[in-house]
Amino acid sequence: MATIVALATARHQAFRDQGYDVRETGLYGHRPMGLYVSAEAHSCLRKAAELLGLGTRYLRTVPVDSAFRMDTGELRRLIAADQRAGVRPFFVAASAGTVNTGAVDPLDDIAAIAREHGLWFHIDGAYGALGILADDAAPGYAGLEWADSLALDPHKWLGVPIDAGCILFREPAGPRDAFSLVPPYLRDEDAGELGWFSEYGPEQTRPFRALRVWATIAHLGRDGIVHLVQHTTRLARTLAELIEASDDFELLAPAVTSITAFRHRPPDLDTDRAEALNEAIPAAVQRRRHAFLTGTRISGAAALRACVLHPGTTKDDLTVLLDEIRAAAREVTT
Ligand SMILES: Cc1ncc(COP(=O)(O)O)c(C=O)c1O
């Protein structure tokens, strides 16, 4: 929902800049509008583009580098190609913590490209925005401050009960222009300068989600949140070190946030059997009921993905996880 609100606001603004009111005319008769996301971007961006009538034909997938970060040279190339073809580029979404590997895109460079071409600069920090609070990860987030909109999910790293999606705007008038529609029976002179929350998104009646977020922040305090993020980020790096030091696991990406992406690769296994094994491992691990991890596909191949979020996780749990994967692998191969 945060992504939909951000993209609807960006769409409204881009049309207004060209003299159209998209709330009145819809997209009829307008020339195509280009959107740019990386190959590792979350599917919510595609869903938002579909729902808002922008279609996926002009949703450009920007390739990533070897660390799964958006390749900004490719971004420039795609924008230039669209401009030559009469498509109007208007929106770029960077990721601050991709779902597969926790990679943070080069936000500073993407912000500069957005400025140069007049694009709305959105950041999907649903999982990873809070990673900026970890000392050793913070430099990788340079440029986050340039976002026009930043999506983050307190129900992920912050541990707030689902659902609590959040979208922050540089300029709060933007979403209000895109959404405000207060019917006469709800008009309230006492609503104050900010008006109703329902003026900033599609929901009218809405639960008090912010209470859970406030209570969690009040309970943990800034120091508590920093500790949580720091602790889990360090554990993901420790897991990466354990993997690199072993001869039966392969690290697939640097651990920059609290996600470690890897593969089980017993030395005697050929590529096809390793592929089948890694596809089977997540369900087999879960069946054993001692550890939990998910599977994904990275660079076209089956991969394992550990995302450390619980503050009570210890280094011993990481050793248990690797041993559980070994045990599950033996079960599925015998
Ligand atoms: C980067 C990113 N964006 C968006 C989402 C969507 O999250 P949700 O549907 O939980 O709000 C996720 C969930 O994993 C994510 O990791």
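Keep in mind the model is a prediction, meaning the values are calculated, not measured. (Residues numbered from 1 in each chain as written. Predicted model: local features only at pLDDT ≥ 70, side-chain atom pairs only at ≥ 80, totals over all residues. Heavy atoms only, no water.)

**Points about the overall build of the protein**
Assigned secondary structure in the protein consists of nine helices and 10 strands. Taking 20 Å as the expected radius of gyration for a compact globule of 334 residues, we find that the protein reaches 22 Å, a close match to that expectation. Taking the principal axes of its C-alpha atoms as reference, the protein extends roughly 65 × 50 × 35 Å. Within the protein, the proportion of its 334 residues that are buried is 47%. Taking the intrachain contacts of the protein between residues at least 6 apart in sequence as the baseline, contacts between residues at least 24 apart amount to 65%. Of the roughly 16,700 Å² of accessible surface on the protein, 53% is carried by carbon and sulfur atoms. Once the 35 positive and 44 negative side-chain charges of the protein are each reduced to a mean point, those two points are 4 Å apart. (Helix = DSSP H or I, 4+ residues; strand = E, 2+ residues; numbered from the N terminus. Rg over C-alpha atoms; globule rule 2.2 N^0.38 Å. Buried < 20%, exposed > 50% of the residue type's maximum accessible area, 1.4 Å probe, protein only. Contact = heavy atoms within 4.5 Å. Areas by Shrake-Rupley, 256 points an atom, 1.4 Å probe, with all protein chains shown as cover. Lys, Arg positive; Asp, Glu negative; His and termini not counted. Charge placed at Lys NZ, Arg CZ, Asp CG, Glu CD.)

**A closer look at a nonpolar patch on the surface**
Nonpolar side chains collect at one region of the surface, where F208, L211 and W214 lie side by side and expose about 400 Å² of accessible area between them. Relative to the assigned elements, L211 resides in helix α7 (residues 209-245). By relative accessible area, which is 44% here, L211 ends up partly exposed. (Patch = residues over 30% accessible without salt bridge, like charges linked within 9 Å, V, L, I, M, F, W, Y side chains within 5 Å. Salt bridge = Lys/Arg side-chain N within 4 Å of Asp/Glu carboxyl O.)

**A few points about the site of the ligand**
All residues in the neighbourhood of the ligand are listed as H42, C44, G97, V99, D124, A126, Y127, D153, H155 and K156. Within the side chain of H155, one N or O atom sits 2.9 Å away from an oxygen atom of the ligand. At 2.7 Å from an oxygen atom of the ligand is found a side-chain nitrogen or oxygen belonging to K156. Calculation on the ligand without its partners gives an accessible area of 390 Å², and the protein chains cover 69% of this total. For the shell around the ligand, the residue count by class is four nonpolar, three polar and three charged. (Near = heavy atom within 4 Å. Polar contact = N/O pair within 3.5 Å; in protein donor to acceptor, adjacent residues only side chain to side chain. Nonpolar A, V, L, I, M, F, W, Y, C, P; charged D, E, K, R; others polar.)

**Points about the sheet that holds strand β7 (residues 249-251)**
If you trace the four strands from one edge of the open sheet to the other, you get β7-β8-β10-β9, paired in antiparallel fashion. Edge strands, defined here as strands with exactly one partner in the open sheet, are β7 and β9 (294-298). Between one strand axis and the next, the sheet turns through 45 degrees on average, direction left out of account. Looking at chain direction, strand β8 (residues 259-264) and strand β10 (residues 301-307) are connected through four bridges and run antiparallel. Across the sheet, residue F262 finds its bridge partner in β10, namely L304. Strand contacts of α7: β7, β8 and β10, with the helix running at about 20 degrees to β8, the strand carrying the most contacts. Set on the sheet, helix α9 (residues 315-333) makes contact with β7, β8 and β10; between it and β8 the angle comes to about 30 degrees. (Pairing = 2+ DSSP bridges. Axes fitted to C-alpha atoms, helices over the stretch in contact; angles between N-to-C directions.)

**Focus on the side chain of T98**
With respect to the element layout, T98 can be found in the loop between β3 (88-95) and α5 (107-117). Residues contacting T98, with those up to four places away along its chain left out, are E40, A103, Y127 and I259.

**Comments concerning unusual backbone geometry**
In this structure, D163 follows I162 across a cis peptide bond, with omega equal to -5 degrees. Mapped onto the elements of the fold, D163 is located in the loop between β5 (149-152) and β6 (166-169). Phi angles above zero are rare outside glycine, and F68 is one such case at about 65 degrees. Looking at where F68 falls in the secondary structure, it is placed in the loop between β2 (59-62) and α4 (72-84). Note on F68: relative accessible area 7%, which makes it buried. Phi at S299 is positive, roughly 50 degrees, even though this residue is not glycine. Counting through the fold element by element, S299 comes out in the loop between β9 and β10. Judged by its relative accessible area of 65%, S299 is exposed.

**Re the packing of α4 against α5**
Where α4 meets α5, the closest approach of the two axes is 10 Å, and the angle between their N-to-C directions is 20 degrees. With respect to their mutual orientation, α4 and α5 come out roughly parallel. Considering how the two elements wind past one another, α4 and α5 form a crossing that is right-handed. Contact with α4, carried on its side by T72, L75, R76, I79 and Q83, involves D109, I110, I113, E116 and H117 of α5 and no other residues of that element. (Parallel < 35°, antiparallel > 145°, perpendicular 65-115°, else oblique. Left-handed = near helix turned anticlockwise from the far one by under 90°.)

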